Amino acid sequence: MDFPAGSYVVGVAHARSAPARDDVNTTELAWEAVSAALADAGVGLADIGGAVSASQDFWEGRTISSMSINEIAGGTLRSEAKVAADGVMALLYAMARIEDGDQTLNLVLAHSKESQADPHTVELAGHDPYYHRALDPDETIAAALQAQQFYARSGFGPADAARIVAAARRHGGVLPPVDAADVLASEPTADPLRTLDRAPLMDAATALVVCDAATAQRLGVPAVRLVCGAARTAPFWTDRDLTVAPELSGTVDEALALAGWQLDSLERIELTAPFAHQQLLLAGQLGLGEGPELVARFEGGTNGRLPLNPSGGWHAGSAGTVAGLAATADAAAALRGRAGRALVHGATGFCTQSHAVVLLEGVA
Amino acid sequence: MTPVPSAIVAAGQTDHRSRRLDVSLGELAREAVDRCLASRGLAFADIDAIVAGNMEMFEGIYLVDQLLAAGLGGTGKPVFKLNTGGTVGASVAIACHHLVASGRYERVLGVGFEKQSEGSTQSAITTVGDPVWERAVMAGAIGNFAAMASTYIHESGATEEQAAKVAVKARRNACRNPHAHLKLPDITVEQVLESAMLAHPIRRLDMCPSSDGACAIVMAAEGVAGDLAEHPAWVHAAVTAHDQQYMGDSPKRLAVMRSLRAASEKAYGIAGIEDPRRDFDVAEIYEPATYAELAMYENLGFCAPGDGGTLIDEGVTEMEGDLPVNPSGGVLATNPVGATALIRVAEAALQVMGEAGEHQVDGVRRALATGYGGNAWTDLMILGREPR
């Protein structure tokens, strides 16, 4: 059977993520993911035509942060580009490079070493220097203002978000387990949020080996088709209603329409957000449920409906910029060698300002 | 898969200056976007996706594309934010090309912007060096180009006078470009040679300025390009070749610009360029320093190795020469880093479209544009009057 034209995932891997990987530098952390993904695909670095990476210079503490990984991602004297956003955006760009015939075998890599940055300093720098910074905002403060509004309007509350965190830790298996009571007893940060409401800062990297149909067929390893993707950006968090995310539903609707799929044909949905209440908000925006039933879907008690974030998502132990691509890797791993469909979402910015989704289908 | 032919159909720039105190960063970017869209009667509603380029540590604004999303017309659209150093503007143009050529989008807006007066570019650039071995001796762009120029002089025998001629050409060409920053109509070789020594052999007038500025283009698919421009600038090749992390790993980096060689050889093969000096009508190349332009002549195959100085002596790359290089004034006249390489692409496109105004070269059918950044990285495009 000939593979349909398009882009395919033929190798995936994560570096070992941890709150602080003091034993490796950025290049070595990324190489853990890249070398394992190459091995998974059965190819070598010399076979790679180029790379699209995702990283944020501010978190890396340097400019042109992709210079740190160029040599170990197949970028030396080959085609390399860096997207400063969640890794799903890097994947969408890599798909375009494959689908126009420019590339046949590429790496997509997302990496972040959050242990080396001060989050408040970085996030404060994301605000207008004249009008915002004097108020000393950061991502936690923005999310807290959002959570206050969201809880007031939705009927959800901190106890529901706490269950999301506990479920994520359980599914991910990277970080020590917590229960909802632990979340609710953790240190307050900005009302109504507590420390564990936010995904912990981590050092993490994820790599995907992606290719065109002919290469996927030639390699003969289990492949997952990247059917299509879409992305939309919302206004800055200070300029919009934070209790809704129409750009997310618009992105998902666009991607599903491109694929000719229905939401209920999916067996897996991964939503990426750094705060637990944001996952409830995004899932609600997609019409995936309400009230206790929606929380239960994150916990795996699906009552016959597909589970949400079976990978555990960002809270399970990933990092900003990496989390969406990590969920993509997990979805691809789950679909390899069999039929099945998944939707993976990546988010960038304060209160998930930008949304990107990719649709995956296993090749039986 | 067969790519959808793509073409640049519109380009717009700000009026580049050392300090644009009249506008904010967002307003600066918007000035270029508005001029670009207005040149074809386009509105944000006509744009399917946006690719933004900016080196955000230069101004110190994290997630700058998110902060400025609405002003850039990004609301409700995909915004791809790239930052690949000095190459970023060309990376933006190449990304616009891929997004169109893949068939995913029909009209993609690319925008690059930098307001260097509000930040500390050289401090940020210093972070690309090895913290122990390189930062102290090759801090910022000037230190890097001093080391590179020394190796180039050693290998090629190029003289200070030949480098100075590049400085004169650039600043005089800039006088024909209403957007250019550094215009010096009366500049002489002697003035360049007498300008302050920054880091041997780089003198003040050998080096590019630091500018506030922005540039925007619209890349369109075959089906709509002809409706938007009378003579679209069709993409014949779009090639990237980046290199290792540290300059110290590759000696002779300016004498032997291996990423430029790799990218140009590949692009020439794709576009059917057999003799670049003959086959190109104009080139807009990313020359942050005078010596770099001479080395680029050689590494782009405009002349034999070691003959870069001779090429400028013979006037080949002057406006009236066989192969005008940087009629806009180039980077030596205008350098808002996040936009600089996109300006090269935009200027090449304007030449192909026949819309470059006073610095238009007659009869341009095929143009070369390059971006330079990172550790001597190259992003390169070839544009032509006819679809490839």
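Structure first, text after, so check above.
Residues numbered from 1 in each chain as written. Chains lettered and ligands numbered in written order. Predicted model: local features only at pLDDT ≥ 70, side-chain atom pairs only at ≥ 80, totals over all residues. Heavy atoms only, no water.

Visitor: Any details on the overall build of chain A? Residues and values, ideally.
Guide: Along its length, chain A carries twelve helices and eleven strands. Over its C-alpha atoms chain A spans a radius of gyration of 19 Å, differing by no more than 12% from the 21 Å that the globule rule assigns to 364 residues. Its C-alpha atoms put chain A at 55 × 45 × 35 Å along the principal axes. For chain A, the residues scored as buried account for 66% of the 364 residues in total. (Helix = DSSP H or I, 4+ residues; strand = E, 2+ residues; numbered from the N terminus. Rg over C-alpha atoms; globule rule 2.2 N^0.38 Å. Buried < 20%, exposed > 50% of the residue type's maximum accessible area, 1.4 Å probe, protein only.)

Visitor: Got a sec to walk through the packing of aromatic side chains? Specific residues and values, please.
Guide: In the structure shown here, the tally under the stated rule is nine aromatic pairs over all chains. An angle of 40° between the planes, with centres 5.6 Å apart, marks the rings of Phe145 of chain B and Tyr372 of chain B as tilted. Of this pair, Phe145 of chain B sits in helix H6 (residues 140–156) while Tyr372 of chain B sits in strand S10 (residues 366–373); the two residues are 227 residues apart in sequence, bridging distant segments of the chain. Neither Phe145 of chain B nor Tyr372 of chain B differs from the other in exposure class; each is buried. Aromatic rings pair up to connect Phe150, Tyr151 and Phe156 of chain A into one cluster. Against the face of Tyr93 of chain A rests Arg97 of chain A, its NZ or CZ located 5.6 Å from the ring centre. (Phe/Tyr/Trp six-rings, centres within 6.5 Å; stacked < 30°, edge-to-face > 60°. Lys NZ or Arg CZ within 6 Å of the ring centre and 35° of its normal.)

Visitor: Pulling in residues and values, what's your account of the pairing of strand S7 (residues 212–221) of chain B?
Guide: All names here are of chain B. Of all ten residues making up S7, ten are buried, and the element is well covered by its neighbours. Here S7 shows no split at all, with Asp212, Ala214, Ala216, Val218 and Ala220 on one side and Gly213, Cys215, Ile217, Met219 and Ala221 on the other all buried. Here strand S1 (residues 6–13) pairs with S7 via seven bridges, running antiparallel. Following the sheet pairing, Ser6 is matched in S7 by Ala221. Examined bridge by bridge, strand S4 (residues 107–115) and S7 share nine bridges and lie antiparallel to one another. (Pairing = 2+ DSSP bridges.)

Visitor: Report on the pairing of strand S7 (residues 203–212) of chain A, specifying residues and quantitative values.
Guide: Residue and element names in this part refer to chain A. Counting buried residues along S7, ten of its ten residues qualify, which places the element largely inside the surrounding structure. Residues Asp203, Ala205, Ala207, Val209 and Cys211 line one face of S7 and the alternating positions Ala204, Thr206, Leu208, Val210 and Asp212 line the opposite face, and both faces are buried. Across seven bridges, strand S1 (residues 7–14) lies against S7 in antiparallel orientation. Within S7, the residue paired with Val12 across the bridge is Leu208. Bridge analysis of strand S4 (residues 105–113) against S7 gives nine bridges, and the strand direction is antiparallel. The residue of S7 that forms the bridge with Ser112 is Ala204.

Visitor: How would you summarise the interface of chain B and chain A if you had to cite specific residues and measurements?
Guide: With 54 residues of chain B at the interface, the matching set in chain A holds 61 residues. Carbon and sulfur atoms make up 60% of the surface buried where chain B meets chain A, a total of about 4,600 Å² over both sides. Per-residue buried area on chain B facing chain A is highest for Met1, Tyr62 and Gln66 of chain B; these three make up 17% of the total on that side. At the surface where chain B touches chain A, the tally comes to one salt bridge. Across the pair Glu254 of chain A and Arg104 of chain B runs a salt bridge, and its minimum N-O distance is 2.9 Å. (Contact = heavy atoms within 4.5 Å. Buried area = accessible area lost by both parts, 1.4 Å probe. Salt bridge = Lys/Arg side-chain N within 4 Å of Asp/Glu carboxyl O.)

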